[in-house]
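# Per-entry structural report
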Amino acid sequence: MNTRGADPKLTTDPEGKTIRSLMLPMLAGMTAMVCYNITDTYFIGQLGTLELAAISFTFPVVIFIGAITVGFSHGTSSVCARLFGANKLNDVGRVTLHAILLGVVTGLVLLLLGLATIESLFRLLGADDTTLPIIDRYMNIYYFSGVFLVVTLITNPVLRASGDAKTPAIIMAVAAASNIVLDPILIFGLLGAPRLGVEGAAIATVLANIGTMLASLYVIYFRDHLLILGPLSLHLLLNSWRRILHVGLPSMAATAITPITTAFITYQVAQFGQEAVAGYGVASRVEGLGLLAFMALSAGVMPFIGQNYGARRYDRLENGFRWCNRFSLIYGSIAAGLLAISCTLIAGWFTDNEIAITTAELHLKIVPVSYLALGIAMTATNSFNAIGKPLPGMFISMTRTILVYAPLAFLLARLFGLVGIFVAASLANVTAGAIGFFWFRQVLGQFHRSEAPVSRRNTAPSPR
C-alpha cells in the first residue's frame, strides 16, 4: 500500500510535545468552527429573539446527529490508530472504506427519520406555536447536511490516526470560513441573493458540509492513499463494522445521552420562559468556545493513546495521561476566571433581552468552575476508547449526564430556580472527572503489571 503512513513521532517523541502537535492544529480548526457557530447565532439573533429561541430548541437534535456520527468517528479512529501503531497499513485502507459506507447508510436513515418527526419531536422539547414554524423551516433543510457531515467525521479521524492533525484542521477552518461568508449573504439577502432568514443559515451549513466532504475524500484517496477501493467482501465488511462498532456504539450511546440530557435541561429552562431558553442557547454556544481546548485535547489523545497502545508503549500512555491532566487543571482554572469576568459583556453581544442576559450570566459564572474536572473526564473517556475498551468511557459519560446532571437539575431547579440547574451541571462534571481519573490510572497499573513495555512494533499484538 503506497501511503505516507503513520507519523513515527507519535511513539517516539516526548509525550507532551507529541500531544501538543496533535492538539494545536485541532484547536485552530475547532476554534474556527465554534466562531462560525457563534457568528451563526449572532446573525440569527439579529432576526429577533423569537428566531434565536427557535434555533436554541434545535441544539439537542443537532447534538444528537453529531453524537451518531461521532460514534463512528471514534470507532474508526480507535481501530485505525491501533493498526498504524502495529504497522498494518493495508488494513487501514480497507477499514476506512467500510467505515464510510457504514456512515453514509446511517446518514440517510437519520435524514428520513428527521424529516418525518419535526413537529412531534420539537413539541416534545417544549416548542410552541410561535417557534415551531421557524424550527420547521430550518430543520427541513438542515437535516440534509448530516449526510455529508458523516463522511468528513470519518475521514478526518483517519488522518489524525496517521499522525496528521494539520490537514483536518485546515478542512475545518475552510468549512467555518465558508459558513461565515455565506451566512449573512443568504440570511439577509446581500449581494443580490434572496433574503432567506433562518433557511439561509441552514443552506449555508449544507453547502459547507458538501465542500468539506469532497476535500477530505480527495486527501485520503489521492494524496495519502489511505482509502482502498475494490470489490467488497461481505466477511471483511462485517468484520470492519464489528471492530468499528465495538468502540463506536458505546461511544455513540454515551454521546447521544448528552443531547437527550440537554433536551431535558432545555425543557427545564423553558419553564422559566422562552427568553430564558434564548439565554441558555447563547451560553451553550459560548461554552463551546470555552471547551475548545478540551475537545482538541481529547481529539489528540485518541491517536496518541491508540498508536502507543498498538505498539505496546505503556510507559508513554502513563506519561501522556499525566500531561493531559495537568493541562486540564491549568486551562480549566483560567477559562473559569475569564468567563466569570466577561459573561455580562458576552451575553449583551447576542441579545438585549434582560431575562436572556441574566440566564446566560448565571450559566457562565457557575458551570465553568467545573471545567478542570470535565477536561479530565474527557481525556479518560477518549483514552478508554483509544485502547478498545469503550465501556468505562461510556459509564463515565452516562454518570455525568443521566445519573447526576439530569436528576439533580430536576430537583435543584425546584429549590433554587435556574441557579440550581447550573449548579447541577458543575457537580456532574466534578463527579465524572474523579471517576475518569482513578479508573484509567487503575488500568494503566494493570498494563504495567501484566507486561513490561516494549518499543518494537513487530512485537505488537493484533488490535481488536
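Everything here concerns the structure above.
Residues numbered from 1 in each chain as written. Predicted model: local features only at pLDDT ≥ 70, side-chain atom pairs only at ≥ 80, totals over all residues. Heavy atoms only, no water.

### So, the overall build of the protein
- Counting secondary structure elements, the protein contains 16 helices and zero strands.
- Relative to the globule expectation of 23 Å for 464 residues, the C-alpha radius of gyration of the protein, 22 Å, shows essentially globular dimensions.
- Taking the principal axes of the C-alpha coordinates as reference, the protein spans close to 65 × 45 × 35 Å.
- The buried share of the protein, reckoned over its 464 residues, is 59%.
- For the protein, the proportion of contacts with a sequence separation of at least 24, taken over those separated by at least 6, is 84%.
- Accessible surface computed for the protein: about 17,900 Å², of which carbon and sulfur atoms make up 68%.
- Distance between charge centroids for the protein: 16 Å, based on 30 positive and 22 negative side chains. (Helix = DSSP H or I, 4+ residues; strand = E, 2+ residues; numbered from the N terminus. Rg over C-alpha atoms; globule rule 2.2 N^0.38 Å. Buried < 20%, exposed > 50% of the residue type's maximum accessible area, 1.4 Å probe, protein only. Contact = heavy atoms within 4.5 Å. Areas by Shrake-Rupley, 256 points an atom, 1.4 Å probe, with all protein chains shown as cover. Lys, Arg positive; Asp, Glu negative; His and termini not counted. Charge placed at Lys NZ, Arg CZ, Asp CG, Glu CD.)

### Here we look at unusual backbone geometry
- Its identity as a non-glycine residue notwithstanding, Leu 191 has a phi of 55 degrees, on the positive side.
- Note on placement: Leu 191 falls in the loop between α7 (166-188) and α8 (198-223).
- Judged by its relative accessible area of 78%, Leu 191 is exposed.
- In this structure, His 225 is a non-glycine residue whose phi angle is positive, near 55 degrees.
- The topology assignment puts His 225 in the loop between α8 and α9 (234-270).

### Focus on the layout of surface pockets
- Within this model, the largest pocket holds a volume of roughly 390 Å³.
- In terms of lining residues, the largest pocket is bounded by 17 residues, among which Pro 60, Val 61, Phe 64, Leu 121 and Ile 260 are the most central.
- For the lining of the largest pocket, the secondary structure elements donating two or more residues are α2 (49-85), α3 (89-116), α4 (118-124) and α9.
- At five residues, the largest contribution of residues to the lining of the largest pocket is made by α9.
- The residue inventory of the lining of the largest pocket, partitioned by class, reads 15 nonpolar, two polar and no charged.
- Mapped onto the lining of the second largest pocket, the elements with two or more residues apiece are α10 (274-290) and α12 (314-350).
- Here the lining of the second largest pocket gets nine residues from one element, more than from any other, and that element is α12.
- Residue composition of the lining of the second largest pocket, by class: eleven nonpolar, two polar and no charged. (1 Å grid on protein atoms, 1.4 Å probe; cavity = no way out; pocket = protein on both sides within 12 Å on 5 of 7 lines; lining within 4 Å. Points joined across faces, edges and corners; volume = space filled by probe spheres on them. Nonpolar A, V, L, I, M, F, W, Y, C, P; charged D, E, K, R; others polar.)

### Observations concerning the packing of helix α1 (residues 15-47) against helix α11 (residues 292-310)
- Two elements in contact, α1 and α11, have axes whose closest approach is 7 Å; the angle formed by their N-to-C orientations is 135 degrees. The orientation of α1 relative to α11 falls into the category oblique. As α1 runs across α11, the sense of the crossing is right-handed. Residue-level inspection shows Glu 15, Thr 18, Ile 19, Leu 22, Met 23, Met 26, Leu 27, Met 30, Thr 31 and Val 34 of α1 in contact with α11, the latter providing Leu 292, Ala 293, Met 295, Ala 296, Leu 297, Ala 299, Gly 300, Pro 303 and Phe 304.
- Classifying every residue of the contact of α1 with α11 gives 15 nonpolar, three polar and one charged. (Axes fitted to C-alpha atoms, helices over the stretch in contact; angles between N-to-C directions. Parallel < 35°, antiparallel > 145°, perpendicular 65-115°, else oblique. Left-handed = near helix turned anticlockwise from the far one by under 90°.)

### Some details on the side chain of Thr 155
- Inspection of the secondary structure assignment puts Thr 155 in helix α6 (residues 145-161).
- For Thr 155, the side chain forms a polar contact with the main-chain oxygen of Thr 152, separated by 3.4 Å.
- Once residues within four sequence positions are removed from consideration, Thr 155 is found in contact with Ile 100, Ser 216, Leu 217 and Ile 220. (Polar contact = N/O pair within 3.5 Å; in protein donor to acceptor, adjacent residues only side chain to side chain.)

### Thoughts on the packing of aromatic side chains
- Inspection of every chain in the model, using the stated rule, returns 16 aromatic pairs.
- Judged by centre distance (4.8 Å) and plane angle (85 degrees), the rings of Tyr 221 and Phe 222 are edge-to-face.
- Here Phe 222 falls in the exposed class, since its relative accessible area comes to 53%.
- Centroid distance Phe 327 to Tyr 331: 5.8 Å. Interplanar angle 5 degrees. Geometry classified as stacked. Taken as a pair, Phe 327 and Tyr 331 lie in helix α12 at a separation of four residues, close to a single helical turn.
- On the accessibility criterion, Tyr 331 (23% relative accessible area) is partly exposed.
- A network of ring pairs unites the aromatic residues Phe 321, Phe 384, Phe 395, Phe 437, Phe 438, Trp 439 and Phe 440 as a single cluster.
- Its guanidinium or amino end placed over the ring of Phe 410, Arg 414 lies 3.9 Å from that ring's centre, counting from NZ or CZ. (Phe/Tyr/Trp six-rings, centres within 6.5 Å; stacked < 30°, edge-to-face > 60°. Lys NZ or Arg CZ within 6 Å of the ring centre and 35° of its normal.)

### What about α6?
- Here α6 spans 25 Å end to end across 17 residues, near enough to the 24 Å set by a 1.5 Å rise per residue.
- Counting buried positions along α6 yields 14 of 17 residues, so the element is predominantly enclosed.
- Looking one or two residues beyond α6, the residue adopting positive phi is Gly 163, at roughly 105 degrees. (Expected span 1.5 Å × (residues − 1).)

### Comments concerning the pattern of salt bridges
- Following the criterion strictly, the structure yields ten salt bridges and no others.
- For Arg 316, the salt bridge is made with Glu 15, and the minimal N-O distance between the two is 3.8 Å. Taken together, the residues Arg 316 in helix α12 and Glu 15 in helix α1 connect sequence positions 301 residues apart. Across this residue pair, the class does not change: Arg 316 and Glu 15 are buried. (Salt bridge = Lys/Arg side-chain N within 4 Å of Asp/Glu carboxyl O.)

### With respect to the nonpolar core
- Judged by nonpolar contacts, the single largest core of 100 residues is most densely connected at Phe 122, Met 139, Tyr 405 and Ile 421.
- Contact partners of Phe 122, with chain neighbours within four places excluded, come to Phe 57, Thr 58, Val 61, Ala 127, Leu 132, Ile 135, Met 139 and Tyr 143.
- One finds Phe 72, Val 92, Ile 100 and Leu 227 within the second-largest nonpolar core, a separate group that totals 26 residues. (Core = buried A, V, L, I, M, F, W, Y, C linked by side-chain atoms within 4.5 Å.)

### Some thoughts on the environment of Gly 107
- Structurally, Gly 107 can be placed in helix α3.
- Gly 107 gets classed as buried once you look at its relative accessible area, which sits at 6%.
- Spatially, the C-alpha atoms of Gly 107 and Ser 145 are 9.1 Å apart, while their sequence positions differ by 38 residues.

### Topic: the environment of Phe 144
- Following the sequence through the fold, Phe 144 ends up in the loop between α5 (132-142) and α6.
- With relative accessibility at 38%, the residue Phe 144 sits in the partly exposed group.
- When the C-alpha atoms of Phe 144 and Ala 202 are compared, they prove to be 9.2 Å apart, with 58 residues separating the residues in sequence.
- When neighbours within four sequence positions are excluded, Phe 144 is seen to be in contact with Leu 111, Leu 115 and Val 206.

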